[in-house]
Amino acid sequence: MTEKTALTPTTHTTPPARFSHGVRRGNVLQVAGQVGFLPAEDGRPPTPAGPTLREQILQTLANVEAILREGGATWDDAMMIRVYLTDVDHFAEMNDLYNAYFEEQGLTQPPAARTTVYVGLPPGLLVEIDALAVLG
Amino acid sequence: MTEKTALTPTTHTTPPARFSHGVRRGNVLQVAGQVGFLPAEDGRPPTPAGPTLREQILQTLANVEAILREGGATWDDAMMIRVYLTDVDHFAEMNDLYNAYFEEQGLTQPPAARTTVYVGLPPGLLVEIDALAVLG
Amino acid sequence: MTEKTALTPTTHTTPPARFSHGVRRGNVLQVAGQVGFLPAEDGRPPTPAGPTLREQILQTLANVEAILREGGATWDDAMMIRVYLTDVDHFAEMNDLYNAYFEEQGLTQPPAARTTVYVGLPPGLLVEIDALAVLG
């Protein structure tokens, strides 16, 4: 049997339930929905990077990337990125931040596909992102 | 060609459209969005297990599991579980039920990744869950 | 390394950000969230096929299919179709259109699994659809 491996970067807070931040089996890697929580600190509850869309998106992308790396992958392996926003008016700014972030990543493969929809999230959270990767 | 197989547990009501409750091709298994409908009975329309979150989540998880099993998989093969709730206030109770359910499953592999978002669902339904599995 | 290929049908408008309309790596193909935009024309901004659910769903399915074909796949390879609607009252009509569309496709494999949820979308858009395919 091919093992399924849990991906738990040391920077991440403990999941609030029995799920993994990421799992990898064979060449498939799935990242759980990430939000803009800062790296975990002992004794501090999960804390968003800040109240702004900018702060939360950049932290969320960093949190997704940490899980990809923990599984031996990079953004170049990402096939699908799902972006959940709470407000349609955030679309343009999210795209600007998204584009700037990925320009800095120096991808050598085409960017992942993406779906963006507008949903409810817990109070204080403006964005959630998950990702599916297939390692090459 | 590798066949794509439809997964249709005998307990399930007929899908309301041309989709499969689950499909498997090779080692990839996808479970369609399940809700808390009771096992199908002739002449009875699809009927939720009850009005409470508890009843619906436990039935929904059972419905997902039936499809996994129909395809030769178990929860140990689940890579991603998507939980759609209608109310942010249901998050804590969902987590309690989710944790208790999976503790009873006796998993030998790490739990799946998960994303939870809050959306609209048809009247009377409080939760919908789908899952992606990769068999080991 | 297995290359990741971007799938960009000539009919499609440029994505509004650094994502691909579709990507394929090995036998996995992911289609990004598609909406009911007409085929791209120089100098015209992205334009929905019309204001009705019928027009938008048929165009959206055509847009998804164009990406599948660009990647050497067909609907027979689709494992999961995610349908995002904005209004629960659209479910029955969406199913009618969905069924009629897929009857015409002459599938030789079982239909894909599906999840339908109700979310917010940008003004004027009634539906968004994405798809995961595994080539046989």
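Not measured: the values here are computed from a predicted model. (Residues numbered from 1 in each chain as written. Chains lettered and ligands numbered in written order. Predicted model: local features only at pLDDT ≥ 70, side-chain atom pairs only at ≥ 80, totals over all residues. Heavy atoms only, no water.)

Novice: I'd like a rundown of the pattern of salt bridges, residues and numbers included.
Specialist: Tallied over the full model, the rule gives 12 salt bridges over all chains. Here Arg25(B) ties to Asp77(C) by a salt bridge, and the two come within 2.7 Å at their closest N and O atoms. Highlighted residues: Arg25(B) in strand 2 (residues 22-25) and Asp77(C) in the loop between helix 1 (53-70) and strand 4 (78-85), drawn from two different chains. Of the two residues examined, Arg25(B) and Asp77(C), each falls in the buried class. (Salt bridge = Lys/Arg side-chain N within 4 Å of Asp/Glu carboxyl O. Helix = DSSP H or I, 4+ residues; strand = E, 2+ residues; numbered from the N terminus. Buried < 20%, exposed > 50% of the residue type's maximum accessible area, 1.4 Å probe, protein only.)

Novice: Kindly report on the relation of the copies chain A and chain B, identifying the contributing residues and their values.
Specialist: For the match of chain A to chain B, the screw axis carries a shift of 0.0 Å, the RMSD comes to 0.0 Å, and the turn is 120°. Accordingly, the operation relating the two chain copies is best matched by a three-fold axis. In terms of C-alpha distance to the rotation axis, chain A has Val119(A) as its closest residue, with the C-alpha 3.3 Å off the axis. Counting the interface residues of chain A, we find that no more than 10% of their copies in chain B are interface residues as well, pointing to two distinct contact surfaces. (Least-squares fit on C-alpha atoms with pLDDT ≥ 70 in both. Contact = heavy atoms within 4.5 Å.)

Novice: Report on the packing of helix 1 (residues 53-70) of chain B against helix 2 (residues 91-105) of chain B, specifying residues and quantitative values.
Specialist: All names here are of chain B. At a closest axis distance of 10 Å, the pairing of helix 1 and helix 2 adopts a crossing angle of 40°. Taken as axis vectors, helix 1 and helix 2 run oblique relative to one another. Judged by the twist between their axes, the crossing of helix 1 over helix 2 is right-handed. In this structure, helix 1 contributes Leu53, Arg54, Ile57, Leu58, Leu61, Ala62 and Glu65 to the contact, and helix 2 contributes Glu93, Met94, Leu97, Tyr101, Phe102 and Gln105. (Axes fitted to C-alpha atoms, helices over the stretch in contact; angles between N-to-C directions. Parallel < 35°, antiparallel > 145°, perpendicular 65-115°, else oblique. Left-handed = near helix turned anticlockwise from the far one by under 90°.)

Novice: Mind laying out the environment of Pro111(A), listing which residues take part and the relevant values?
Specialist: Relative to the helices and strands, Pro111(A) is located in the loop between helix 2 (91-105) and strand 5 (113-118). For the pair formed by Pro111(A) and Leu132(A), sequence separation is 21 residues and the distance between their alpha carbons is 12 Å. For Pro111(A), the residues in contact, after removing those within four places along its chain, are Lys4(C), Arg18(C), Phe19(C), Ser20(C) and Val23(C).

Novice: Lay out the nonpolar core with the relevant residues and their values.
Specialist: Residues Trp75(A), Ile81(A), Trp75(B), Ile81(B), Trp75(C) and Ile81(C) are the most contacted members of the largest nonpolar core, which totals 114 residues. Among all residues touching Ile81(A), those that are not within four sequence positions of it are Trp75(A), Tyr98(A), Phe102(A), Ala112(A), Ala113(A), Arg114(A), Thr115(A), Ile129(A), Asp130(A) and Ala131(A). In terms of nonpolar packing, the next biggest core, distinct from the first, is built from 18 residues, Tyr84(A), Val117(A), Tyr84(C) and Leu121(C) among them. (Core = buried A, V, L, I, M, F, W, Y, C linked by side-chain atoms within 4.5 Å.)

Novice: Requested: an account of helix 1 of chain B, with residues and values cited.
Specialist: Residues and elements named next belong to chain B. Helix length check: helix 1, at 18 residues, gives a terminal C-alpha distance of 26 Å against a target of 26 Å (1.5 Å per residue), a fit within 8%. Every buried residue of helix 1 is listed here: Leu53, Gln56, Ile57, Gln59, Thr60, Leu61, Asn63, Val64, Glu65, Ile67 and Leu68. For helix 1, the secondary structure elements touched by its buried residues are strand 2, strand 3 (28-34), strand 4 (78-85), helix 2 and strand 6 (127-134). Of the residues flanking the end of helix 1, it is Gly72, one or two places downstream, whose phi is positive at about 80°. (Expected span 1.5 Å × (residues − 1).)

Novice: Please give an account of the interface of chain A and chain B that cites residues and values.
Specialist: With 30 residues of chain A in contact, the opposing surface of chain B contributes 29 residues. Among the residues of chain A in contact with chain B, Lys4(A), Arg18(A) and Arg25(A) are the three that bury the most area, contributing 33% of the side total. Across the chain A-chain B interface, the total number found is two salt bridges. Across the chain A-chain B interface, the total number found is 16 residue pairs in polar contact (both at pLDDT 80 or more). Among the secondary structure elements, those contributing two or more residues to the side of chain A that touches chain B are strand 1 (4-6), strand 2 (22-25), strand 3 (28-34), strand 4 (78-85) and strand 6 (127-134) of chain A. Sorting elements by how many residues they give to the side of chain A that touches chain B places strand 3 of chain A first, with five residues. Class assignment for the residues of the side of chain A that touches chain B results in 15 nonpolar, seven polar and eight charged. (Buried area = accessible area lost by both parts, 1.4 Å probe. Polar contact = N/O pair within 3.5 Å; in protein donor to acceptor, adjacent residues only side chain to side chain. Nonpolar A, V, L, I, M, F, W, Y, C, P; charged D, E, K, R; others polar.)

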